[in-house]
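One-letter residues, chain by chain:
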Amino acid sequence: MELSSLRIFKTVAEEGGVTQAAARLNRVQSNVSARLTQLEESLGVSLFHRSGRRMLITEDGARLLAYTERLLQLADEAQEAMRGDRQPSGQLRIGAMETTAAARLPLVLGQFHRQYPQVDLVLDTGPTDYLLHSVLNHRLDVALVAGPVERPELAQLPVFDEELVLLTDILHGPVKVPADVAKRTLLGFRSGCSYRRRLERWFAEGGVSPARIAEFGTFEAIIGCVAAGMGVAMMPKEVLKQRELAKSVRVHALPAEIAQVQTMLVWRRDIAQHAARDAFAAALATPNERV
């Protein structure tokens, strides 16, 4: 199996079709289809179910994809090791919680790009559980997630201290305890969001339950619906400050054990050589030491 064929296979699996994969790889569709067919013939298995233009990965394909990600990561690591002291280059796949990407990363990414123009930055956002899974499965090189992170396979670096606050509509009264917002709808990101788990825990410790949970894909949508009186939400204070959104909602302080959270940069411990990753970690570094 050639690494180039495996890269094509991986891209088709990620994009869900030959057309999208060819565009991403800057190849003609016929070449992508031919290389994929050759790979299937050499292995003697079907890697995808063809459904019109959609490519649905088979069980054999999913098994190969896991090995492919590991093989490609090892190949990239070998290239990094051979570069020695050369400037960081190549692709750096960064994951971040959406609020972190909005409030913390723009300046960091801008400065990093100016310092290391040969690094191609790819940013993916999602909840903490999704990001951890993506790093562990070689889909991301690094990720910014909410701590604590209890995964021995991952190295981690504390980079930001966040204060989480409770948001209600502007006309809502003071909130001191969960009972003050009992039976309100909880607005948050999809399952796997650590901030959402903290808010659910605060409700549970107060002996109350939200009326229901509504899931959103963006923090702007969450804040807009809070402002409209749909429910309550938890959000890093820094997001409200930078986007000047606090005037549209009422902000309530939370107990320190709920409100205080560290954002951690995480990556796989077993990938020793990655110049772009190490440069990005250095750009984010605080006086804290790696743990």
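Bear in mind the structure is a predicted one, so any value in this text is a computation, not a measurement. (Residues numbered from 1 in each chain as written. Predicted model: local features only at pLDDT ≥ 70, side-chain atom pairs only at ≥ 80, totals over all residues. Heavy atoms only, no water.)

Caption draft 1: The overall build of the protein, seen in detail. When helices and strands are tallied, the protein shows 12 helices and 11 strands. If one aligns the C-alpha atoms of the protein with their principal axes, the spans along those axes are about 65 × 50 × 30 Å. Within the span of the protein, comprising 291 residues, buried residues form 47% of the whole. For the protein, the accessible surface area stands at approximately 14,700 Å², while carbon and sulfur atoms represent 50% of it. (Helix = DSSP H or I, 4+ residues; strand = E, 2+ residues; numbered from the N terminus. Buried < 20%, exposed > 50% of the residue type's maximum accessible area, 1.4 Å probe, protein only. Areas by Shrake-Rupley, 256 points an atom, 1.4 Å probe, with all protein chains shown as cover.)

Caption draft 2: Highlighting the UniProt feature "domain: HTH lysR-type" (unreviewed entry) in the protein. With numbering aligned to this structure, UniProt lists the feature "domain: HTH lysR-type" (unreviewed entry) at residues 1-58. Structurally, residues 1-58 comprises 62% helix and 14% strand, and the distance from its first C-alpha atom to its last is 19 Å. (UniProt positions renumbered as here; feature names shortened; annotations may be inferred.)

Caption draft 3: Representation of the domain arrangement of the protein within the structure. Taken domain by domain, the protein holds domain 1 (3-82), domain 2 (90-161 + 262-285) and domain 3 (162-260). Distance between the C-alpha centres of domain 1 and domain 3: 42 Å. (Domains from an automatic or database assignment.)

Caption draft 4: Here's a closer look at helix H1 (residues 3-15). Spanning 13 residues, H1 covers 18 Å between terminal C-alpha atoms, matching the ideal 18 Å at 1.5 Å per step. Those residues of H1 not exposed but buried are Ser5, Leu6, Ile8, Phe9, Lys10, Thr11 and Val12. One or two residues past the end of H1 sits Gly16, with phi positive at roughly 80°. (Expected span 1.5 Å × (residues − 1).)

Caption draft 5: Highlighting the environment of Cys225. Mapped onto the fold, Cys225 is located in helix H9 (residues 219-227). Taking the C-alpha atoms as reference, Cys225 lies 8.7 Å from Asp169; in sequence the two are 56 residues apart. Those residues within four positions of Cys225 in sequence are excluded, and the remaining contacts are Leu187, Phe216, Met230 and Gly231. (Contact = heavy atoms within 4.5 Å.)

Caption draft 6: Here's a closer look at the pairing of strand E6 (residues 154-168). Across the 15 residues of E6, 13 count as buried, placing the element largely inside the fold. Pairing of E6 with strand E11 (residues 260-268), which is carried by 9 bridges, proceeds in the antiparallel orientation. Bridged to Leu154 within E11 is Arg268. Note: E6 against strand E9 (residues 233-236), 4 bridges, orientation antiparallel. Its bridge partner lying in E9, Val165 is registered against Met235. Pairing of E6 with strand E10 (residues 250-252) involves 3 bridges; the strand directions are antiparallel. Bridging from a neighbouring strand, Leu166 pairs with His252 of E10. (Pairing = 2+ DSSP bridges.)

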